[in-house]
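Commentary on secondary and tertiary structure
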Amino acid sequence: MNQLNPFFINSWIFFPLIIWTIFWKGYSLWIAAKNNQKWWFIAFLVLNTFGILEIIYIFYVAKKRWSDIKELLTRKTSLKKE
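The following refers to the structure shown. (Residues numbered from 1 in each chain as written. Predicted model: local features only at pLDDT ≥ 70, side-chain atom pairs only at ≥ 80, totals over all residues. Heavy atoms only, no water.)

Scanning the protein from N- to C-terminus turns up three helices and zero strands. Mapped from its N terminus to its C terminus, the protein presents α and β elements in the order α-α-α. For the protein, buried positions account for 20% of its 82 residues. Sequence separation of 24 or more characterises 50% of the internal contacts of the protein that already satisfy a separation of 6 or more. When the accessible surface of the protein is totalled, it reaches about 7100 Å², and 70% of it is carbon and sulfur. (Helix = DSSP H or I, 4+ residues; strand = E, 2+ residues; numbered from the N terminus. Buried < 20%, exposed > 50% of the residue type's maximum accessible area, 1.4 Å probe, protein only. Contact = heavy atoms within 4.5 Å. Areas by Shrake-Rupley, 256 points an atom, 1.4 Å probe, with all protein chains shown as cover.)

In this section: the nonpolar core. Membership of the largest hydrophobic core is limited to eight residues, which are Trp24, Leu29, Ile31, Ala32, Phe44, Tyr57, Ile58 and Ala62. Top element by residues in this core is helix α1 (residues 6–34). It accounts for four residues. Not counting residues up to four positions away in its chain, the partners in contact with Tyr57 are Ser28, Ile31, Ala32, Asn35, Gln37, Trp40, Phe44, Ala62 and Lys63. (Core = buried A, V, L, I, M, F, W, Y, C linked by side-chain atoms within 4.5 Å.)

Along the chain, the position of Ile42 falls in helix α2 (residues 38–46). Residue Ile42 is classed as partly exposed on the basis of its relative accessible area, which comes to 37%.

The full count for this structure, using the stated rule, is one salt bridge. Note that Lys25 is salt-bridged to Glu54, the shortest N-O span being 3.1 Å. With a gap of 29 residues between them, Lys25 in helix α1 and Glu54 in helix α3 (residues 52–81) connect regions that are remote in the sequence. Per residue, the accessibility class of Lys25 equals that of Glu54, and both read buried. (Salt bridge = Lys/Arg side-chain N within 4 Å of Asp/Glu carboxyl O.)

This part is about a nonpolar patch on the surface. Where nonpolar side chains cluster on the molecular surface, the patch consists of Trp39, Ile42, Leu45, Val46 and Leu47 and spans about 560 Å² of accessible area. Mapped onto the elements of the fold, Trp39 is located in helix α2. (Patch = residues over 30% accessible without salt bridge, like charges linked within 9 Å, V, L, I, M, F, W, Y side chains within 5 Å.)

On to the environment of Phe44, then. Relative to the assigned elements, Phe44 resides in helix α2. Its relative accessible area of 0% is what places Phe44 among the buried residues. Taking the C-alpha atoms as reference points, Phe44 and Leu29, separated by 15 residues in sequence, lie 6.7 Å from one another. Among residues more than four places away in sequence, those in contact with Phe44 are Lys25, Ser28, Leu29, Ala32, Leu53, Glu54 and Tyr57.

Set out below in structure tokens:
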């Protein structure tokens, strides 16, 4: 009988999942640190959601915050011009 190594079979799923998770975790940690959001940073370090929480944070929470910051900056620059 020719038995396949289970590690070899699972590595086709395991290694891409690790790369996926590391990418999203690193990017979300960077954004949380840049936005000075300490609790999000801690949550990303402690929880492992395989990128799901990180993607939600990046595209919904941080995006909303960034648009608020951009709006505030454009308001301040328009007031200075007047």
